[in-house]
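Residue strings, one per chain:
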Amino acid sequence: SLDAGLRPVEVGRARPEWVDVKNKLLRIPKEDSSKNEDNWRVSLTSRTATALDRWLDERAETPMYDDRDELWLTRESTPYGSRSLTRLLRRLCDAAGIDTGGRSMTWYSIRHSVGTYMTAERDLKATKDQLRHQSPKTTMKYDQVPPEDRRDALDNM
């Protein structure tokens, strides 16, 4: 999700056929995409593509996935939802020793980080495409360039 900025509902809907390891993409069909009506291609890092490739091999050998088409299931063999993803994220932060500083970490926190970092590294168009926003106005909330960076840009003009 750190690459794709998937919404919780999209994590639950994700299917193995979305994964295009060779081209380092997730291909989200419009019928599974939330909040919009387009097919989407979302970029993945090489590291994520490799991890997904390994996961697909492991998934094929995991009995709880027999006759299931979800890409991921919870330990209880159910699709992920917002609550289960929040619990998973909390457990991952605890296991990694990440202090959340008392802040509420949700799956949308990851999505927001994707938007913020993509905007800083690239631009709002790339962020809009990666997060699958229909309106550029939605993407504008990720434009949080610090004043000193804007000042540097002005000095370079």
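Residues numbered from 1 in each chain as written. Predicted model: local features only at pLDDT ≥ 70, side-chain atom pairs only at ≥ 80, totals over all residues. Heavy atoms only, no water.

### A look at unusual backbone geometry
With phi around 55°, Lys-24 is a residue other than glycine that occupies positive phi space. Take Lys-24: it is sitting in the loop between strand 1 (19-20) and strand 2 (25-28). Unlike most non-glycine residues, Ser-77 shows phi in positive territory, near 65°. Along the chain, Ser-77 turns up in the loop between helix 2 (46-60) and helix 3 (82-96). (Helix = DSSP H or I, 4+ residues; strand = E, 2+ residues; numbered from the N terminus.)

### Here's the deal with the packing of helix 4 (residues 107-121) against helix 5 (residues 124-131)
Between helix 4 and helix 5, the shortest axis-to-axis distance is 8 Å and the interhelical angle comes to 155°. One element, helix 4, and the other, helix 5, form an angle in the roughly antiparallel class. For the element pair helix 4 and helix 5, the recorded crossing hand is right-handed. Here Arg-111, Val-114, Gly-115, Met-118 and Thr-119 of helix 4 come into contact with helix 5, specifically with Leu-124, Ala-126, Thr-127, Gln-130 and Leu-131. (Axes fitted to C-alpha atoms, helices over the stretch in contact; angles between N-to-C directions. Parallel < 35°, antiparallel > 145°, perpendicular 65-115°, else oblique. Left-handed = near helix turned anticlockwise from the far one by under 90°. Contact = heavy atoms within 4.5 Å.)

### A word on the packing of aromatic side chains
Counted according to the given criterion, the structure contains one aromatic pair. Aromatic pair Trp-55 and Tyr-65: ring centres 5.6 Å apart, planes at 75°, arrangement edge-to-face. Linking Trp-55 in helix 2 with Tyr-65 in the loop between helix 2 and helix 3, this pair joins segments that are 10 residues apart in sequence. (Phe/Tyr/Trp six-rings, centres within 6.5 Å; stacked < 30°, edge-to-face > 60°.)

### Some remarks on a negative patch on the surface
Side chains of Glu-148, Asp-149, Asp-152 and Asp-155 sit close together on the surface and give a patch of like negative charge. By the secondary structure assignment, Asp-155 is in helix 7 (residues 147-155). (Patch = residues over 30% accessible without salt bridge, like charges linked within 9 Å, V, L, I, M, F, W, Y side chains within 5 Å. Areas by Shrake-Rupley, 256 points an atom, 1.4 Å probe, with all protein chains shown as cover. Salt bridge = Lys/Arg side-chain N within 4 Å of Asp/Glu carboxyl O. Lys, Arg positive; Asp, Glu negative; His and termini not counted. Charge placed at Lys NZ, Arg CZ, Asp CG, Glu CD.)

### Focus: helix 2
Its 15 residues place the ends of helix 2 21 Å apart at the C-alpha level, agreeing with the 21 Å of an ideal helix rising 1.5 Å per residue. Among the residues of helix 2, Ala-49, Leu-52, Trp-55 and Arg-59 are the ones counted as buried. Taken around the axis of helix 2, the buried residues stretch over an arc of 120°, which confines them to a single face. Summarising the geometry of helix 2, the exposed residues directed more than 90 degrees from the buried face are Arg-47, Arg-54 and Asp-57. Packing partners of the buried residues in helix 2 comprise strand 1. (Expected span 1.5 Å × (residues − 1). Buried < 20%, exposed > 50% of the residue type's maximum accessible area, 1.4 Å probe, protein only. Arc of directions from axis to C-beta.)

### Re the confidence of the model for the protein
Confidence along the protein averages 88 in pLDDT terms, with 99% of residues attaining 70 or more. When mean pLDDT is compared element by element in the protein, strand 1 scores highest at 96, while helix 7 scores lowest at 78. (pLDDT = per-residue confidence, 0-100.)

### Let's talk about the nonpolar core
Across soluble globular proteins, you tend to see nonpolar side chains buried next to one another. Counting 23 residues, the largest nonpolar core has Leu-6, Val-11, Leu-26, Ile-28, Leu-71, Leu-85 and Trp-107 as its most contacted members. At the level of elements, strand 2, strand 3 (40-43), helix 2, helix 3 and helix 4 are the ones that each hand at least two residues to this core. The element contributing the most residues to this core is helix 3, with four residues. The contact partners of Val-11, leaving out residues within four places of it in the chain, are Leu-6, Trp-72, Tyr-80, Leu-85 and Trp-107. (Core = buried A, V, L, I, M, F, W, Y, C linked by side-chain atoms within 4.5 Å.)

### Some words on the environment of Met-64
As for its placement among the helices and strands, Met-64 is situated in the loop between helix 2 and helix 3. Classification of Met-64 as partly exposed rests on a relative accessible area of 29%. Remark: the alpha-carbon pair of Met-64 and Thr-78, spanning 14 residues in sequence, is separated by 9.7 Å. Discounting residues that sit within four places of it in the chain, Met-64 has contacts with Leu-73, Thr-74 and Ser-77.

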